[in-house]
Each structure stands twice: as structure tokens, then as C-alpha cells.
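Geometric and topological summary
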Amino acid sequence: MEEHQLSRSFRKLTRLHRGIVTNYLESYGLYPGQPRLLFIIDENAGITLSKFVQLSDQTKEAVSVSIRRLEEKGYVERVRNPLVKGNVFSI
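In this report, we go over the structure that sits alongside the text. (Residues numbered from 1 in each chain as written. Predicted model: local features only at pLDDT ≥ 70, side-chain atom pairs only at ≥ 80, totals over all residues. Heavy atoms only, no water.)

In a packed pair of helices, the relevant descriptors are the angle between the two axes and the axis-to-axis distance. For the pair helix α2 (residues 34-43) and helix α4 (residues 60-72), the least separation of the axes is 11 Å and the interaxial angle reads 85°. Here α2 lies roughly perpendicular to α4, going by the angle between them. Contacts between α2 and α4 involve Gln34, Leu37, Leu38 and Ile41 from the first element and Ser66, Ile67, Arg69 and Leu70 from the second. Split by residue class, the contact of α2 with α4 holds five nonpolar, two polar and one charged. (Axes fitted to C-alpha atoms, helices over the stretch in contact; angles between N-to-C directions. Helix = DSSP H or I, 4+ residues; strand = E, 2+ residues; numbered from the N terminus. Parallel < 35°, antiparallel > 145°, perpendicular 65-115°, else oblique. Contact = heavy atoms within 4.5 Å. Nonpolar A, V, L, I, M, F, W, Y, C, P; charged D, E, K, R; others polar.)

Residue position: Leu55 is located in helix α3 (residues 49-56). For the pair Leu55 and Pro32, spaced 23 residues apart in sequence, the C-alpha separation works out to 18 Å. With residues up to four places along the chain from it excluded, the contact list for Leu55 reads Arg36, Ile40, Asn44 and Ile47.

The following block contains the structure:
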């Protein structure tokens, strides 16, 4: 198989995979990047927003939007922790 054909086949497979994953996640009301954020919360119960930003390699704004959407869907709970300045998140 020529390198060009292999490259084209790989791109086609990648698009197909992305479509299948997107459809699956939509059935749960999730966006493609959100499962990773749920894994971070699951592995770091009681995580603060600043730690969350550090672990996710996303901006504070992007994390805040994703957390808000996950809260609205009932996947995440934001809890005020008196020992930490701010909120912590848990599943």
C-alpha cells in the first residue's frame, strides 16, 4: 500500500472513530473532552479548581465551562470546603 493511501485510510479511520465516540458520548449528554475531566475528578476526589487546571492542561476558563456543564448534567458536585479557599469537586 502506498504511503499516500495509508495516510488517507488512517485519516478516514480517525474521522469514523471520532464520529462513533461523539455519538456515544451524546447519548450521555457529554462532549468529547469531558470524560477525561471526569477521570481527573474521580482520581482526585475533592480537587480544587486550581489543581484541576494544572492537571488538565487547560485554561481556567475552559475548565470552568466544562465543570459547569458537568454540574448541570448531574455528573459533578461543587462543594464549599472551609479548609480550602474556594470550592472542591467530586463525582
